[in-house]
Amino acid sequence: MENISSNKAFGGWHKQYRHDSAVLGCSMRFAIYLPPQAAQGAPVPVLYWLSGLTCSDENFMQKAGALRVAAELGMAIVAADTSPRGEGVADDDGYDLGQGAGFYLNATAAPWMRHYRMYDYVSQELPALIAAHFPVSGRRAIAGHSMGGHGALLCALKRPHDYVSVSAFSPICHPLNAPWGQKAFAAYLGDDKQQWRQWDASLLMAAATQPAQQLPARVDIGLDDSFLAVQLQPQALAQAAEASGYPLQLHQHPGYDHSYYFVASFIEDQLRFHAQHLFAA
C-alpha cells in the first residue's frame, strides 16, 4: 500500500491509501480515519462507508462531519471508492454508469465483468486489507448514502455474519424497479432479470426471515428528496421489513433533501446507533 495523504483530526488521523486490487484488477484508493484510541494499543471497531454516484472516498470524509464523533466513540471509519478506475477500465459517458457508479455488485456482462466486482471488493478484499494493516477489531458495521446505501444494505443482507449493524441515508431501496438500478443492472448483469433479483435490497430483506439473517438496521430519508418517489422507493424496503420481521428503523425527515447537508445533519445519530452494537459486550 502507498500512503498518499495524512491529516490529523480530532486527535486521530485521516489517511488515504492507494493499493493494487486483485479482485478489481486495477489500482484503488480508500480513506481511513483512525481515532485517538487506535494509538493506545487496543484494536478499535470499524464502520465501512459506501458513497453514492459520482463520489469517491473523499466526499464523506470531508463533508459529513463524522470524524469528531468517531474520535469521541473510538470508532475507525473506512471510506471506499465507488468503482474501479483507471486506464483500461470500462466507462460510460453517463454519470450513473461506469467509473464512479459501480453499484456495489459483481458484474457478469461484458465489458464490465473484467473489473466491476465491487461487492467482492468492499465486502471481502478491502476488509481483509484493513484487518492486516491497521489496529482494528473484528467488529464491523456498514453504512452508505444513495447508491452506497444500496450497497451497504446488500452487504448486510448477503453477509449478515460479517457485521453487527447497518445503516443508510437515502438508499436506492428497490433498484429492480428504479431507473438508476435498471440502467446499471442491464449493463452490468445483462438481460436475465433473475440475476437482477440477487442485487435488490428490498427483495433480499423480504426473504431474510430468520434471526441469523437479520441485523439492527437504520435508514434515514429526507422527505424533500427529489429522487424519493422514483429512484429511492423507501416504501418497498419498509414493506419488505414488515413482511420478514426485519428490525428496520425508518426515520423520515421533513424538509431534507439528498445532499450531504442531510447526511451531516444526522450522521451523529447513525454513528451512535452503530456504537450501541459495535461496543456491545
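A brief report on the enclosed structure follows. Everything quoted here is computed from the prediction, not taken from an experiment. (Residues numbered from 1 in each chain as written. Predicted model: local features only at pLDDT ≥ 70, side-chain atom pairs only at ≥ 80, totals over all residues. Heavy atoms only, no water.)

### A word on helix α5 (residues 179-189)
Among all positions of α5, only Trp 180, Gly 181, Ala 184, Phe 185, Ala 187, Tyr 188 and Leu 189 are buried. Structurally, α5 contributes buried residues whose contacts are with α4 (147-158), α6 (193-197) and α8 (228-232). Just downstream of α5 lies Gly 190, where phi reads positive at about 85°. (Buried < 20%, exposed > 50% of the residue type's maximum accessible area, 1.4 Å probe, protein only. Helix = DSSP H or I, 4+ residues; strand = E, 2+ residues; numbered from the N terminus. Contact = heavy atoms within 4.5 Å.)

### So, the pattern of salt bridges
In this structure the tally under the stated criterion is 12 salt bridges. Glu 58 is the partner of Arg 29 in a salt bridge, and the nearest nitrogen-oxygen pair spans 3.8 Å. With a gap of 29 residues between them, Arg 29 in strand β3 (residues 26-34) and Glu 58 in helix α1 (residues 57-63) connect regions that are remote in the sequence. Between Lys 183 and Asp 96 there is a salt bridge; the shortest N-O distance is 2.7 Å. Highlighted residues: Lys 183 in helix α5 and Asp 96 in the loop between β5 (76-79) and α3 (118-133), separated in sequence by 87 residues. Its relative accessible area of 34% is what places Lys 183 among the partly exposed residues. A residue is classified by how much of its surface remains accessible, and Asp 96, at 9% relative accessible area, is buried. Via salt bridges that share partners, Arg 68, Glu 72, Glu 268 and Arg 272 belong to a single interconnected network. (Salt bridge = Lys/Arg side-chain N within 4 Å of Asp/Glu carboxyl O.)

### Some remarks on α3
Remark: the principal bend of α3, roughly 30°, maps to Glu 125, with a proline, Pro 127, within the next four residues. Buried residues in α3 make contact with β2 (12-21), β3, β4 (44-50), β5, β6 (136-145) and α4. (Bend = angle between axes of the 7 residues up to and from the residue.)

### So, the side chain of Gln 233
With respect to the secondary-structure elements, Gln 233 resides in the loop between α8 and α9 (234-244). Ignoring sequence-local partners within four residues, the contact set of Gln 233 consists of Cys 173, His 174, Asn 177, Ala 178 and Leu 228.

### A closer look at the nonpolar core
Grouped together as the largest cluster of nonpolar side chains are 70 residues, with contacts concentrated most on Phe 30, Phe 103, Leu 126, Ile 130, Ile 142 and Tyr 188. Counting residues in hydrophobic clusters, the runner-up holds 29 residues, among them Met 61, Ala 141, Phe 262 and Ala 275. (Core = buried A, V, L, I, M, F, W, Y, C linked by side-chain atoms within 4.5 Å.)

### Examining the sheet that holds strand β1 (residues 2-9)
With respect to topology, nine strands assemble into an open sheet ordered β1-β2-β3-β5-β4-β6-β7-β8-β9, the strand pairing being mixed. Looking at strand neighbours, the two that pair on one side only are β1 and β9 (248-253), the edges of this open sheet. Direction aside, neighbouring strands of the sheet carry axes that sit 20° apart on average. Both β3 and β5 contribute to a ladder of three bridges, which runs antiparallel. Among the inter-strand pairings, Ile 32 is bridged to a residue of β5, identified as Val 78. Across the face of the sheet, α4 comes into contact with β4, β6 and β7 (166-169) while running at roughly 140° to β6. (Pairing = 2+ DSSP bridges. Axes fitted to C-alpha atoms, helices over the stretch in contact; angles between N-to-C directions.)

### Observations regarding the side chain of His 174
With respect to the helices and strands, the residue His 174 is situated in the loop between β7 and α5. Taking relative accessible area as the criterion, His 174 reaches 15% and is therefore assigned buried. Side chain to side chain, His 174 and Asp 200 meet in a polar contact 2.9 Å long. (Polar contact = N/O pair within 3.5 Å; in protein donor to acceptor, adjacent residues only side chain to side chain.)

### A few points about the environment of Asp 57
When you line up the elements, Asp 57 lands in helix α1. Using a relative accessible area of 0% as the deciding quantity, one classes Asp 57 as buried. When the C-alpha positions of Asp 57 and Arg 29 are compared, they lie 7.4 Å apart, and in sequence the two are 28 residues distant. When residues no more than four places from it in sequence are discounted, the contact partners of Asp 57 are Gln 16, Arg 29, Phe 30, Ala 31, Ala 79, Ala 80 and Asp 81.

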